Each structure stands twice: as C-alpha cells, then as structure tokens.
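Chain and residue survey
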Amino acid sequence: MVEIMIVVAIIGLLAAIAIPNWVRARKRTQASRILEDLRILDHAMDQYAIDNSKTSGVTPTFTDLRAYVKAGTVLYSTGADLFGDSYGPFTVDSTPQVPEGAFATLSDVAPLSFWSPYNQASLP
C-alpha cells in the first residue's frame, strides 16, 4: 500500500511540473498562430490594394480580402482569431492590429514586444 502511495505521489509531482509548462506552450502556440494570421492579412491587404488600384485609407472588409487568403483554413472560413475576435477593421497601408481580447488572454506569454508591428498602440 505504501508503494502505491509513493507511486501516486510521484505521478502527482510530475503532473504538477508538466501541466503548467504545457499550458504555457499551448498559449505561446496560440499567440504565434494569431501573429501569423496578422501577417497573412497584412499581405492580403497589400495584394488587394495592388489588384484593385486602392490607395491609402481605403477600408476593405474581410470578404474583400478572403480571395487572398488560402482556402480551407480557419482564417479563410471565419475571418476571426482563435478566440472568435474579429481582426478588422482593415485599412490599406496600415497594419492589422492584434485583437484586444487575444492580447489580454495571451499577455502572460506574449508581451507587447512579441506582437510588433501588429500591437495596439493604445495598450500599455
């Protein structure tokens, strides 16, 4: 009985060490995914502006940009981040901004510098 209790205690100790690291790695992966989506949308806006002769200040919708996003991806289907927050509004010659909800959720693993140049200027 004592041996079983020792084994259970060791498994509990290992779980206590591993689970926080797994959660942190998962959140960092989510942050990287959102950052990559922002890069894709930035390039999609540039391509949209070139193809349609749009100038600075034009505000395309995600429907306008969908043609420049790879079909079959979650971004193509939803136009939103992993948490359901919209990436818009979009403005030609401006970088898309990280949604505030995503920043708040992931700020413990992805500080403001991580999101550059897609960070919210208004965030502390």
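Residues numbered from 1 in each chain as written. Predicted model: local features only at pLDDT ≥ 70, side-chain atom pairs only at ≥ 80, totals over all residues. Heavy atoms only, no water.

Counting its secondary structure elements, the protein chain contains four helices and zero strands. Going from N to C terminus, the protein chain has its helices and strands arranged as α-α-α-α. With 124 residues in all, the protein chain has 30% of them scored as buried. Contacts in the protein chain between residues at least 24 apart in sequence constitute 55% of all its contacts with a sequence separation of at least 6. Only carbon and sulfur atoms are counted for the fraction: they give 61% of the accessible area of the protein chain, which is about 7,600 Å². (Helix = DSSP H or I, 4+ residues; strand = E, 2+ residues; numbered from the N terminus. Buried < 20%, exposed > 50% of the residue type's maximum accessible area, 1.4 Å probe, protein only. Contact = heavy atoms within 4.5 Å. Areas by Shrake-Rupley, 256 points an atom, 1.4 Å probe, with all protein chains shown as cover.)

In this section: helix H1 (residues 2–51). Over its 50 residues, H1 extends 72 Å from the first C-alpha to the last, a length consistent with the 74 Å expected when each residue adds 1.5 Å. Backbone geometry just after H1 places Ser53 at a positive phi near 50°. (Expected span 1.5 Å × (residues − 1).)

Once that is clear, we can look at the pattern of salt bridges. Overall, the coordinates contain three salt bridges when judged by the stated rule. A salt bridge links Lys27 to Asp108; the nearest nitrogen and oxygen atoms lie 3.1 Å apart. With a gap of 81 residues between them, Lys27 in helix H1 and Asp108 in the segment after helix H4 (100–106) connect regions that are remote in the sequence. A salt bridge links Asp37 to Arg33; its shortest N-O distance comes to 3.8 Å. Linking Asp37 with Arg33, this pair stays in helix H1, spanning four residues, or about one helical turn. Asp37 sits in the buried class, given a relative accessible area of 5%. (Salt bridge = Lys/Arg side-chain N within 4 Å of Asp/Glu carboxyl O.)

On to the side chain of Asp42, then. Structurally, the position occupied by Asp42 is in helix H1. Contacts of Asp42, omitting those with residues within four sequence positions, involve Ser94, Thr95, Pro96 and Tyr118.

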